[in-house]
Structures are given as structure tokens and as C-alpha cells.
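# Tertiary structure, described
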Amino acid sequence: MDTENQDMTLTDRQGHPITDNQNIRTVGNSGPSTLENYHYIEKISHFDRERIPERVVHARGAGAHGYFEAYGKVGTEAVSTYTRAKLFQEPGKRTPVFVRFSTVVHGGHSPETLRDPRGFATKFYTEDGNWDLVGNNLKIFFIRDPLKFPDMVHAFKPDPVTNLQNPERMFDFVSNTPEATHMITFLFSPWGIPANYRQMQGSGVNTYKWVNQEGNAVLVKYHWEPIKHAIKNLTQQEAEAIQAKNTSHATQDLYEAIERGDYPEWELCVQILSDDEHAELDFDPLDPTKLWDHEQFPFLPVGKMVLNRNPENYFAEVEQAAFGTGVLVDGLDFSDDKLLQGRTFSYSDTQRHRVGTNYLQLPINAPKKRVATNQRDGQMAFIVDRAPEQNPHVNYEPSSLGGLKEAAPSGQEHQPAYKAKLVREQISRTNDFKQAGDTYRKFADHERDELIHNLVDALNICAPVIQAKMIEHFTNADAEYGRRVSEGLAQAKSQMAPNSSAAAAEGEALAEQSGQRTD
Ligand code: HEM
């Protein structure tokens with residue numbers, strides 16, 4: 001870089017040139033320092049505040065910029081049949097994006113080799129404002145009711161006394177949460193440790209809606225499929241070997257690939273279902289613990305995404321990025337998926353705490369189109385969100401004195417009708433085990449072997465009551481699945497205490513118990 005003709009003078013935040021950045025002011029050469037050391041006090045007190053709270057989940061992440069390019073079709077049909085969202089309409093239309101990948105449970109510098117879902121959050125800076133698709137790599141989730149989320153996260157995070165993550169706490173929660181059986185089946189297989197961020201899928205998990213010009217809606221699920229490099233997962237042993245040498249391998253892989261011009265790409269596909277209850281299905285299509293079978297509901301491509309630019313500053317762009325499921329654009333809508341609705345409150349709530357009231361004014365979070373609101377002030381407000389033509393005295397609406405006006409609707413509003421009692425109830429088609437069994441049977445042999453091995457390893461230290469409940473869930477999913485976990489635990493027990501006949505007898509009893517359940 002040519003610095004000859006550039007002013008490289010160090011200043012403080014007040015613009016004062018700094019003539020001495022090495023020595024604080026003291027009384028005499030080694031005497032006490034004085035309180036009016038403005039440059040030092042500003043420098044150190046800013047440093048003291050350099051960290052903001054980590055994300056309560058998904059604290060460890062990496063991000064990149066790029067673009068989304070629309071195909072203008074959904075499969076072979078015109079996309080306008082289903083949605084009027086502008087970013088999808090014209091073939092070749094590009095929308096800038098920012099993506100943050102993450103792990104979920106552990107803190108900001110935890111190893112990226114841990115068994116954990118991976119976050120895959122995309123911010124589309126569209127001409128109609130921002131759209132956030134806040135997804136994971138796996139296509140389903142542990143729970144379907146948002147009321148359970150804080151308990152689930154407490155159980156998965158380190159013990160409040162020892163600060164150690166403990167599989168017994170995790171499986172205590174999971175064994176009492178049968179709907180988690182399907183997700184656990186993915187998580188303890190090699191699908192629970194993607195090799196890196198470039199070679200994994202993404203999924204919106206929850207069900208959303210697409211709305212067309214006439215206000216008619218369909219249900220949609222979103223999926224990101226990597227198109228440049230094959231999907232790759234790790235066995236526990238492979239992950240441990242990487243972790244011994246590098247705890248940031250996925251961040252490094254993403255950053256270096258983009259620096260050398262090997263830009264990762266994903267195709268965005270949707271699955272579409274008509275917007276009704278689908279009594280013909282043996283599961284509720286709004287249940288995020290379920291897959292929509294891709295043979296019955298094909299993946300329809302709508303565009304592709306290319307990540308081609310690394311952040312210039314990790315903190316400003318990746319750490320302060322704020323995604324949320326409420327951030328939709330015209331033509332996209334929520335479904336009645338309870339988990340989605342619970343999530344939608346949580347994101348902006350936590351971001352006002354984590355980043356600050358005006359987090360949406362930060363460049364990474366602000367839309368790339370003009371923003372004109374009557375929201376004012378609050379901590380760290382540094383611009384006034386007003387239209388240039390707006391009367392600056394009028395920060396309210398309605399007004400006849402030059403204030404902001406409502407936009408004209410761009411199509412018919414989607415207006416679902418409801419007639420029901422207000423209740424607290426589970427959904428009626430819970431069907432917690434069938435798809436877990438289907439997934440177990442669809443795995444390749446090596447994936448099933450790895451799943452059993454990892455489950456036995458984790459369950460081995462759990463109380464017998466937890467082991468028994470988990471074996472019951474696995475058996476309900478698939479008789480062989482339950483039997484293999486049960487036998488693995490019995491074997492592990494006898495290996496731990498080879499001379500203990502009591503241990504062997506307990507192990508046999510466990511195996512027998514699950515055998516009986518199979519009948
Ligand atoms: C991050 C809440 C379920 C994907 C977060 C954060 C919260 C949260 C509070 C931290 C956000 C921040 O500090 O900026 C919830 C709640 C859920 C839920 C209450 C269920 C009721 C899910 C599900 C997915 C998911 C089902 C996947 C589809 C993510 C991702 C991030 C995240 C990817 C990280 C976003 C980023 O990179 O900044 N979630 N979450 N969450 N969540 Fe969820």
C-alpha cells in the first residue's frame with residue numbers, strides 16, 4: 001500500500017493528534033501518574049469495554065459476504081405463481097447477502113469440531129428491505145414448542161456448578177422429551193459434525209409461507225444445498241484428530257477459500273405444500289421435528305448463493321450481525337409453526353440487550369435501501385432515520401405538515417381465518433418416533449455404526465433411569481436401533497467392571513428390558 005502521501009497520523013477519537021503513544025504522564029520520571037492523562041484514560045476505558053455479551057446460543061461463528069442470484073423460476077414454474085417477493089422474480093437478479101455460520105452450545109472460542117448443530121444464517125439486503133433466513137445445517141429441531149427452549153439450552157450448556165458440559169444433564173432433558181429422538185438420531189451420527197462450513201447443507205427448519213399477488217399462500221421450507229463441493233461429515237475420531245491441532249479449522253477453511261478465490265456456493269431450494277392441515281399426512285407439516293419427505297415434496301431450486309468476500313473486521317461485521325426470524329419481506333410470511341413464532345420474539349429481544357437499542361443502525365444490520373422511521377434516540381443513536389424531504393419537526397404519523405406516509409400495499413394481504421379456543425395443548429399428530437426410525441434405516445451402515453458408538457459413549461455415564469428411557473425411545477423408533485444401544489451399554493458396563501457380576505447382571509437386565517419392549 002502506498003502510504004507516502006497519506007496522512008497516517010495517529011489521533012484519539014476527538015481527532016487530536018497523538019504525539020506520545022508510549023508513555024503516560026507522571027510526576028517525575030518514575031513518579032505517580034496523574035488523572036488528567038486524557039489519551040491514556042480514553043484508550044484504556046475503551047479497551048475495558050471491548051467485549052459485548054456473547055450470543056446466548058450460537059456464540060462461535062464465522063461470516064462472509066456475497067450475493068444471491070435468482071433463477072426467476074421455482075423448479076419449472078414461474079415463481080410469481082407462489083410469491084411476489086421481488087428478489088426471486090427475474091432470472092439473474094442479484095441481491096447482496098451476508099452469512100454467519102456458527103456452532104450452538106459453547107462459547108465464542110470453543111472448538112469448531114464439537115458435536116452440535118451448525119447455524120446457517122443469511123441476511124438478504126433486498127430492494128424491499130432485509131430478509132433473514134436463520135437456519136441450521138440439520139433440517140429438523142429438538143423441540144416443537146418454544147416454551148421448552150430455555151430448559152433445553154440449560155441442559156445442553158455446562159453444569160451451573162461445575163461449568164462442565166455433562167451428557168447426563170443433556171440426556172436427562174432429552175429422555176423426557178420424546179420429540180427430540182429424531183434430532184438426536186442425526187446429531188449423534190456423523191451428521192452431527194460437519195467437516196467444515198463450505199461442505200454442509202443449510203435449512204430454514206421451520207415452515208414459512210409464500211404469498212402471491214392475490215394474497216394466496218402456500219407453505220414452504222427452505223434448503224441450502226452446497227453445489228461446488230460435496231457434503232462432508234466427520235466421525236468422532238476424525239474430529240478429535242483435527243481438534244488436537246486446530247480449534248478453528250472451519251473459520252480458517254472458509255476464510256482461506258474465499259481469499260484464494262474458491263468461492264463457496266449453495267443452491268436455494270424450496271419444498272412447497274398447499275396451505276392447509278394435510279390430514280392425509282401422519283405428521284403435522286408445521287412440526288419442526290419432522291422432515292417433509294423429499295420424494296413426495298421435491299426440492300425446487302429458486303436461485304444460488306456465492307460467498308466471495310471476507311469481512312474486513314470480525315467484530316463490526318460478524319460479532320455485531322443480528323439475524324431474526326421476524327425479518328421478512330413482502331411476499332414472505334410466517335406460518336403457525338409455534339417454534340417459529342416463539343423464535344420471532346426472541347431474536348430482536350436478545351439483540352437489543354446484546355448489541356444495543358440501535359443495533360439496526362449498524363452498517364452490517366441496516367438495509368441497503370433508504371430507511372425512514374419515526375423511531376428516535378436511545379443509546380448510541382448516531383443517525384436520524386428520516387427521509388431527506390421529511391419535515392424534521394414531524395417525528396410522528398399521521399401528519400399534514402410534511403411527515404412520513406404509509407406505503408401503498410403491493411398486493412392483496414394474506415388473511416388466514418381462525419375459529420378456535422385459546423388453549424395450551426400439544427399438537428395432535430406428535431408421531432415422535434416414526435421419522436426417527438426412517439432416518440435410522442436410511443443411514444449407511446457406517447453412519448449407523450458411528451451413531452450407536454457415539455450414543456453408547458455418551459449414555460454410558462448416565463443414570464440407569466435415563467438409559468432406560470432413551471432405549472425405550474430408540475426402540476420405539478426402530479427395534480434394532482434400541483437393541484443395539486442397549487447391547488452396547490451392557491457391553492460397556494461389563495468392560496468397565498469385568499469382575500463385577502452385579503454390573504454384568506445389571507447390563508443383562510438392561511438388554512432384556514429393551515428386548516421385551518421390542519415385542
Ligand atoms: C441464535 C433463540 C431455535 C438458529 C439465537 C439467539 C437466540 C435464539 C436468543 C441469539 C441471537 C443473537 O444474539 O443475535 C432461539 C429460540 C428458539 C431457537 C428461542 C426456539 C424457540 C432455533 C432454530 C434454529 C435456530 C430452530 C434453526 C433453524 C439460530 C441461528 C442463530 C441463532 C443460526 C445464530 C444467528 C447468528 O449467526 O447470529 N437463537 N432459537 N434457532 N439461532 Fe436460534
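Residues numbered from 1 in each chain as written. Predicted model: local features only at pLDDT ≥ 70, side-chain atom pairs only at ≥ 80, totals over all residues.

The name given to the chain in an unreviewed UniProt entry is Catalase, and the organism recorded there is Paenibacillus marchantiophytorum. Quoted verbatim from the Function (unreviewed entry) field of the UniProt record, the comment on the chain reads "Decomposes hydrogen peroxide into water and oxygen; serves to protect cells from the toxic effects of hydrogen peroxide." The chain has a UniProt comment under Cofactor (unreviewed entry) that states "heme". (UniProt positions renumbered as here; feature names shortened; annotations may be inferred.)

### Thoughts on the overall build of the chain
Helix and strand counts for the chain come out as 13 helices and twelve strands. Over its C-alpha atoms, taken along the principal directions, the chain stretches across nearly 80 × 75 × 45 Å. Buried residues in the chain amount to 36% of all 519 residues. A sequence separation of at least 24 residues applies to 71% of the contacts in the chain between residues at least 6 apart. (Helix = DSSP H or I, 4+ residues; strand = E, 2+ residues; numbered from the N terminus. Buried ≥ 20, exposed ≤ 12 C-beta atoms within 10 Å, placed from the backbone. Contact = placed C-beta atoms within 7 Å.)

### Let's talk about unusual backbone geometry
Going from E397 to P398, the amide bond is cis rather than trans, its omega being 10 degrees. Located in the positive-phi region is D377, a residue other than glycine, with phi close to 70 degrees. By secondary structure assignment, the location of D377 is in the loop between helix 8 (338-354) and helix 9 (434-442). By C-beta crowding, D377 is classed as exposed, having 9 other C-beta atoms within 10 Å. With phi around 65 degrees, M380 is a residue other than glycine that occupies positive phi space. Residue classification places M380 among the exposed positions, given that 11 C-beta atoms sit within 10 Å.

### Regarding the site of the ligand
H58, R100, G119, P146 and V205 are the nearest of the 27 residues found near the ligand. Secondary structure elements with two or more residues in the shell around the ligand: strand 4 (94-103), strand 5 (118-126), strand 6 (129-136) and helix 8. Here the element with the most residues in the shell around the ligand is helix 8; it accounts for eight residues. Taken together, the residues of the shell around the ligand break down into 13 nonpolar, ten polar and four charged. (Near = placed C-beta within 6 Å. Nonpolar A, V, L, I, M, F, W, Y, C, P; charged D, E, K, R; others polar.)

### Points about the confidence of the model for the chain
This prediction gives the chain a mean pLDDT of 94; 95% of its residues lie at or above 70. Across residues 510-519, confidence stays below pLDDT 50; counting only partners more than four residues off in sequence or on other chains, it has 21 contacts. Reported confidences for the modelled complex are a pTM of 0.94 and an ipTM of 0.97. (pLDDT = per-residue confidence, 0-100.)

### Quick word on helix 6 (residues 249-259)
Within the sequence span of helix 6, burial applies to A250, T251, L254, A257 and I258. Buried residues in helix 6, looked at end-on, bunch into an arc of 145 degrees, giving them a common side. Facing away from the buried side of helix 6 by more than 90 degrees, the exposed set consists of E256 and E259. Packing partners of the buried residues in helix 6 comprise strand 1 (61-70) and strand 11 (300-309). One or two steps after helix 6, the chain reaches G261, where phi turns positive at roughly 85 degrees. (Arc of directions from axis to C-beta.)

### What to know about the packing of helix 10 (residues 445-459) against helix 12 (residues 479-496)
At a closest axis distance of 9 Å, the pairing of helix 10 and helix 12 adopts a crossing angle of 50 degrees. With respect to helix 12, the element helix 10 is oriented oblique. Relative to helix 12, the crossing made by helix 10 is right-handed. On the side of helix 10, the interface is formed by I452, L455, V456 and L459, while helix 12 contributes R484, V485, G488, L489 and A492. Partitioning the contact of helix 10 with helix 12 into residue classes produces seven nonpolar, one polar and one charged. (Axes fitted to C-alpha atoms, helices over the stretch in contact; angles between N-to-C directions. Parallel < 35°, antiparallel > 145°, perpendicular 65-115°, else oblique. Left-handed = near helix turned anticlockwise from the far one by under 90°.)

### A short note on the environment of R55
Position of R55 relative to the elements: it lies in the loop between helix 1 (38-48) and strand 1. Among the residues examined, R55 registers 22 C-beta atoms within 10 Å and is labelled buried. Separated by 321 residues in sequence, R55 and R376 have C-alpha atoms that sit 26 Å apart.

### With respect to the nonpolar core
Counting residues in hydrophobic clusters, the biggest one holds 52 residues, and the most contacted among them are V99, V220, L254, L268, V270 and V302. Not counting residues within four places of it along the chain, the set of residues in contact with V220 comprises Y208, K209, W210, V270, Q271 and I272. (Core = buried A, V, L, I, M, F, W, Y, C linked by C-beta atoms within 7 Å.)

### Re the packing of helix 3 (residues 167-175) against helix 11 (residues 464-477)
With their axes 9 Å apart at the nearest point, helix 3 and helix 11 run at an angle of 50 degrees to one another. By the angle class used here, helix 3 and helix 11 are oblique. In the packing of helix 3 onto helix 11, the handedness of the crossing is left-handed. Within the contact between the two elements, helix 3 uses E168, F171, D172 and S175 and helix 11 uses I466, K469 and M470. Grouping the constituent residues of the contact of helix 3 with helix 11 by class yields three nonpolar, one polar and three charged.

### Overview of the pairing of strand 8 (residues 208-211)
Regular strands show a simple pattern: their side chains alternate between the two faces of the sheet. By the alternation rule, side chains of strand 8 split into Y208 and W210 and K209 and V211, which are all buried. Examined bridge by bridge, strand 8 and strand 9 (residues 217-226) share four bridges and lie antiparallel to one another. Pairing of K209 across the sheet is with L219, part of strand 9. Where strand 8 hands over to strand 9, the hairpin turn is made up of five residues, of which G215 adopts a positive phi near 85 degrees. Across three bridges, the pairing between strand 8 and strand 12 (residues 332-334) is antiparallel. Counterpart to Y208 in the pairing with strand 12 is F334. (Pairing = 2+ DSSP bridges.)

### Digging into helix 3
Burial in helix 3 covers these residues: M170, F171, V174 and S175. Angularly, the buried residues of helix 3 cover 120 degrees about the axis, an arc narrow enough to put them on a single face. Those residues of helix 3 hidden inside the fold are in contact with helix 2 (149-156), helix 4 (181-187), helix 10 and helix 11.

### Re the pairing of strand 5
By the criterion of burial, strand 5 is predominantly enclosed, with eight of the nine residues buried. Judged from the seven bridges that link them, strand 4 and strand 5 form a sheet pairing that is antiparallel. If you follow R100 over to strand 5, its bridge partner there is A121. As paired strands, strand 5 and strand 6 are joined by eight bridges and run antiparallel to one another. Residue pairing across strands places G119 opposite N136, the latter belonging to strand 6. Counting the residues in the hairpin turn of strand 5 and strand 6 gives two residues.

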